Amino acid sequence: MLTRSWRLTKLKYAPKPKDDEGEHEEEQEISASLYGSHAKKFYGNSIQHSQFNLHSNQRKRDQIELIKHTIGHLKNTFNKEFTEVYLSKKQEIARVAERTDRIKQILKDLKSEDNVDIPAFKQIEMPESFLIVEDSEIKFDKYLTPEEQAAQVEKRRLEAERKRLEEADNARERALDTMMHGKLEIRPEDELQKDLEKPEFMLAKAESQWSEDEHKIAKEFEKKEKHLMEEREKYRKALEAELKKLQTANSEGMNSFDEKLNKLFKLKIEYQKTINQEELKIVRLARSVYQQEYLEDCDSDLLKPLDEFKQMKLRTQDEVAEIKRSIDKLRDEHEIVLQEDRAIEKQFKKDFVDLDAFTLDILIKLYKRRPKLMKQKPQNSESTSRSSNPFYVKVEDPDKLFLEAMAELDSDIHKPEILEVEIWERFIDARKIKVESELKVKHHSQKIQDLNSYLQRKLEEDEAVKNKIEKTFQHLNDLRDKKLKFLMNLEIQLLLKQGQVEVDPGVFSTKFDNALLIHRSVIEDLNSQIVTLGEGKVSAMIDCKDYYKNIHLLEWEHEKMHMEAEDLNSKTRDVQTLRVTKELQVFLFEENNAQRMQKEIQTLEKTIKLNENMHQRKSLDKKRI
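Residues numbered from 1 in each chain as written. Predicted model: local features only at pLDDT ≥ 70, side-chain atom pairs only at ≥ 80, totals over all residues. Heavy atoms only, no water.

J.: Before we go on, may I ask you to explain the overall build of the chain in this structure?
T.: For the chain, the count of helices and strands is 14 helices and 2 strands. Residues counted as buried form 23% of the 625 residues belonging to the chain. Sequence separation of 24 or more characterises 76% of the internal contacts of the chain that already satisfy a separation of 6 or more. Of the roughly 49,000 Å² of accessible surface on the chain, 54% is carried by carbon and sulfur atoms. (Helix = DSSP H or I, 4+ residues; strand = E, 2+ residues; numbered from the N terminus. Buried < 20%, exposed > 50% of the residue type's maximum accessible area, 1.4 Å probe, protein only. Contact = heavy atoms within 4.5 Å. Areas by Shrake-Rupley, 256 points an atom, 1.4 Å probe, with all protein chains shown as cover.)

Below is the structure:
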């Protein structure tokens, strides 16, 4: 089976109606496919949630714990199976060992040198044995204290003394050796192994020297010996039969255990496959939980700056409104100052209306005359100290410089000669009032310009905040759409047979972005339609082939008849051009050609015989000469 996963927003199954026999099997297959593993096969009481209802993180965490519980149950179930097989192996080894001891005894009785191996557990099959240290594994002598050494020496001395006393006069062992050859039990097979002792006369005398009693004794001995050999042969056959039976029992027992072991191994593969499938579900759920938490963290991370941007937007809106109110107020004041400035200029002409036009024109020119000031630019920032910057230039107030320059223009040097001192002083006072009014107008204009610049900056800041809010809202909406899609578009694990996956595998992992999950019944219907159409096409091709075959057959018949006509014409020409000889005329006019041919053959045979006789006669004549 292949474990595949797809992200599905909606999965529908519309299976075709099945017969009663295959309905249960189909339901089990669909259940295992949708369940994502074969755990239902081994643990039918599992209370896991359906893969189509795992929307919230809490439900996914609960599912992970339930899957872990299922994995634990599967492991415990397999461990029980393993324990049963392990105990079965112990019992089988004990039975085989018991039979093997008997087999060794039989082989010994049969005087066979065959070796018999006794099966036993390997060390890797008994992991607890790694923690037990045997005395044979220690290659060094054990350290003994002086007291332990003295006790050990005393123990050996007492044991040696006991053996010496037993060997000195042991009537029990002497009686056992004398009467029963050192054995308490006498086995029938041991008696069969003993050979009969021949009478002394059979060893000392020849058979011709035996008496009648000795002949009787000898015959009786032979009967006993023959009976012993027959008993031995029966015993040997019984031992061989018992040996074969024991060997067969050992072989059958080991084969039976091997079958159990093979079943356990296959069961282990099934359990391991199921556990891997469940662990894969845990990995997928853990990744899904992490992704959902990551999306929630991103959502909260976007909400924090969004609140800040909203507060910033409110502040910039308030500031822009306040600046606009200030600008409107300054513009009203500026209009008033401009009106006052125009009024001052009109008043100047009224104040000097008593002068002639030439003088008034000169005064107007001087009234409008302003000094030209050089703009000073600092080399560095004013924050730089004078000691650290030798190029520091102090920037004077431009209004102060302007007033100083105007004071120079008020000096008597610039007074026209045609003007009187009184008129010049009146002119200077009027011009000072005008200059102050112009400076006031200039200050208001500068304030309005500065506020407009500040307003533009604030509007740009407000627009930037607005763009940030829109961009954040866009990111937030995209993230929430992604989060909603993630919650609704669940990732499920499906079990599909390898032949049912028709997506080309990638280099490292198969991508199912453009794959469709189609029910098997749809594919089967489509395949049946393809088979039907294919059979129709094949039948049409066969009909077409037969039609063309008939055409080719008719063409061949036509060509055959044409060639036969040519052969007939050729034979007709040969007959017409044939020269009729005398022999041919005889052959044609003779009624019994067979008789004629027989006569010719006889004539030829006679001729041959005559020639042979002539040849023999000539040979004899030659020999006489």
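Past the structure itself, the notes keep going.
J.: I'm lost on the pattern of salt bridges in this one. Help?
T.: Where charged atoms from two side chains of opposite charge come close, those side chains can pair. A full pass over the atoms with the stated rule returns 17 salt bridges. Between Glu-319 and Lys-458 there is a salt bridge, with its nearest N and O atoms 2.6 Å apart. Taken together, the positions of Glu-319 in helix H8 (residues 212-351) and Lys-458 in helix H11 (residues 421-488) put the pair 139 residues apart, joining distant regions of the chain. One salt-bridge network, in which partners are shared between bridges, spans Glu-233, Arg-236 and Glu-240. (Salt bridge = Lys/Arg side-chain N within 4 Å of Asp/Glu carboxyl O.)

J.: I keep staring at a nonpolar patch on the surface and nothing clicks. Help me out?
T.: Together, Val-580, Phe-587, Leu-588 and Phe-589 line one region of the surface with nonpolar side chains, adding up to about 470 Å² of accessible area. Examined against the element boundaries, Phe-589 turns out to sit in helix H13 (residues 582-589). (Patch = residues over 30% accessible without salt bridge, like charges linked within 9 Å, V, L, I, M, F, W, Y side chains within 5 Å.)

J.: For this particular structure, what's the right way to read the nonpolar core?
T.: Ile-67, Ile-71, Leu-74, Tyr-271, Ile-282 and Leu-285 are the most contacted members of the largest nonpolar core, which has 15 residues in total. Residue contacts for Leu-74: discarding those within four places in its chain leaves Phe-42, Tyr-43, Tyr-271, Thr-274 and Ile-275. Counting residues in hydrophobic clusters, the runner-up holds 7 residues, among them Ile-103, Leu-107, Leu-239 and Leu-246. (Core = buried A, V, L, I, M, F, W, Y, C linked by side-chain atoms within 4.5 Å.)

J.: Would you take a moment to explain a negative patch on the surface for this structure?
T.: Side chains of Asp-328, Asp-332, Glu-333 and Glu-335 sit close together on the surface and give a patch of like negative charge. The residue Asp-332 is located in helix H8 in this model. (Lys, Arg positive; Asp, Glu negative; His and termini not counted. Charge placed at Lys NZ, Arg CZ, Asp CG, Glu CD.)

J.: So what exactly am I meant to see when it comes to the side chain of Glu-92 here?
T.: On the secondary structure map, Glu-92 appears in helix H3 (residues 57-109). On the basis of relative accessible area, Glu-92 is assigned to the buried category, the value being 12%. Not counting chain neighbours up to four residues away, the residues in contact with Glu-92 comprise Arg-99, Gly-253 and Met-254.

J.: So what exactly am I meant to see when it comes to the environment of Leu-476 here?
T.: Position of Leu-476 among the secondary structure elements: in helix H11. Look past the residues within four positions of Leu-476 in its chain and what remains in contact with it is Asp-299, Leu-302, Leu-303 and Leu-306.

J.: Before we go on, may I ask you to explain the side chain of Thr-100 in this structure?
T.: Within the secondary structure layout, Thr-100 lies in helix H3. On the accessibility criterion, Thr-100 (1% relative accessible area) is buried. Residues contacting Thr-100, with those up to four places away along its chain left out, are Val-116, Asp-117, Ile-118 and Asn-250.

J.: Would you take a moment to explain the environment of Met-202 for this structure?
T.: Here Met-202 lies in helix H7 (residues 200-204). When the C-alpha positions of Met-202 and His-215 are compared, they lie 9.6 Å apart, and in sequence the two are 13 residues distant. Here Met-202 is in contact with Trp-210, Ala-218 and Phe-221, once residues within four sequence places are set aside.

J.: Even after reading the chapter, I still don't get the confidence of the model for the chain, so can you show me in this structure?
T.: Atomic detail in the predicted coordinates should be set aside for any region of low pLDDT. On average, residues of the chain score 78 in pLDDT, and 79% of them are at 70 or above. Highest mean pLDDT in the chain belongs to helix H12 (residues 520-576) (92); lowest belongs to strand E1 (residues 2-8) (38). Across residues 1-24, confidence stays below pLDDT 50; counting only partners more than four residues off in sequence or on other chains, it has 59 contacts. Contacts for the low-pLDDT stretch residues 378-388, under 50 throughout, to residues beyond four places or in other chains number 11 contacts. (pLDDT = per-residue confidence, 0-100.)

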